Amino acid sequence: MRQLLVAVDPHSPMRTRSAVAEAVRIYREEFVGIRLVRVQPQLSGHVAMFFGTRELQQLQQDAGDEELAYARSLLDAEHIPYIATVLVGRTAETIAQAAREFGCDRILFGTEEPGLAGKMFGSLAQQVRHLLGSGKQYQVIGS
């Protein structure tokens, strides 16, 4: 079965909504597995030193679960199965690594007009495309 990774952006409900809508469309056309992924940033050592390892992991997991709630609710409303995963790391690198590890052949980002950072450094989708290389093994969809 083909696998679709949906990158969830909790700071942009519009982007999340468009990514999930595209995932629903793809699922209805060709039965695919859907993996929702939210990448939590690695905390600095100064912040992390105030928490135990397990406590820090639980805090990041809980925050990621909350940030996945909207995307989950959209898929649940459509009765579409999925696996939701919270990962920790640098966003573009972690998404590219997750696509490899989960066997996803497509990575889906929602669409939205890029902000200043996206215009200066390239969108997250562009960064992931670059990290995965030019091979046709992965299709990165969205901006």
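Residues numbered from 1 in each chain as written. Predicted model: local features only at pLDDT ≥ 70, side-chain atom pairs only at ≥ 80, totals over all residues. Heavy atoms only, no water.

- As annotated in an unreviewed UniProt entry, the protein chain carries the name Universal stress protein and is attributed to Ramlibacter alkalitolerans.

## Quick notes on the overall build of the protein chain
For step 1, the next point in the chain: Scanning the protein chain for helices and strands turns up six helices and five strands.
For step 2, the next point in the chain: Start at the N end of the protein chain and walk to the C end: the helices and strands fall as β-α-β-α-α-β-α-β-α-α-β.
For step 3, the next point in the chain: In the protein chain, which comprises 143 residues, the share counted as buried stands at 38%.
For step 4, the next point in the chain: In the protein chain, the proportion of contacts linking residues at least 24 apart, taken out of those at least 6 apart, comes to 76%.
For step 5, the next point in the chain: Working note: accessible area of the protein chain is about 8,400 Å², and carbon and sulfur atoms make up 55% of it. (Helix = DSSP H or I, 4+ residues; strand = E, 2+ residues; numbered from the N terminus. Buried < 20%, exposed > 50% of the residue type's maximum accessible area, 1.4 Å probe, protein only. Contact = heavy atoms within 4.5 Å. Areas by Shrake-Rupley, 256 points an atom, 1.4 Å probe, with all protein chains shown as cover.)

## Concerning the sheet that holds strand β4 (residues 106-108)
For step 1, the next point in the chain: Spatially, five strands are ordered β3-β2-β1-β4-β5 in an open sheet, and the strand pairing comes out parallel. Only two strands of the sheet have a single neighbouring strand rather than two, namely β3 (83-88) and β5 (139-141). Looking at each pair of strands side by side, their axes are set apart by 25° on average, direction ignored.
For step 2, the next point in the chain: Of the strand pairs in this sheet, strand β1 (residues 3-7) and strand β2 (residues 33-40) are connected by five bridges, and their pairing is parallel. Residue pairing in the sheet places L4 in a bridge with I34 of β2.
For step 3, the next point in the chain: Packed onto the sheet, helix α6 (residues 124-132) meets β4 and β5 and runs at close to 175° relative to β5. (Pairing = 2+ DSSP bridges. Axes fitted to C-alpha atoms, helices over the stretch in contact; angles between N-to-C directions.)

## Section: the nonpolar core
For step 1, the next point in the chain: L4, V6, I34, L36 and L75 are the most contacted members of the largest nonpolar core, which has 18 residues in total.
For step 2, the next point in the chain: Contributing elements (two or more residues each) for this core: β1, α1 (13-29), β2 and α3 (53-77).
For step 3, the next point in the chain: Each residue touching L75, except ones within four places of it in the same chain, is listed here: V20, V24, I34, L36, I80 and Y82.
For step 4, the next point in the chain: Judged by nonpolar contacts, the second largest core, of 17 residues, contains A7, A92, A125 and L132. (Core = buried A, V, L, I, M, F, W, Y, C linked by side-chain atoms within 4.5 Å.)

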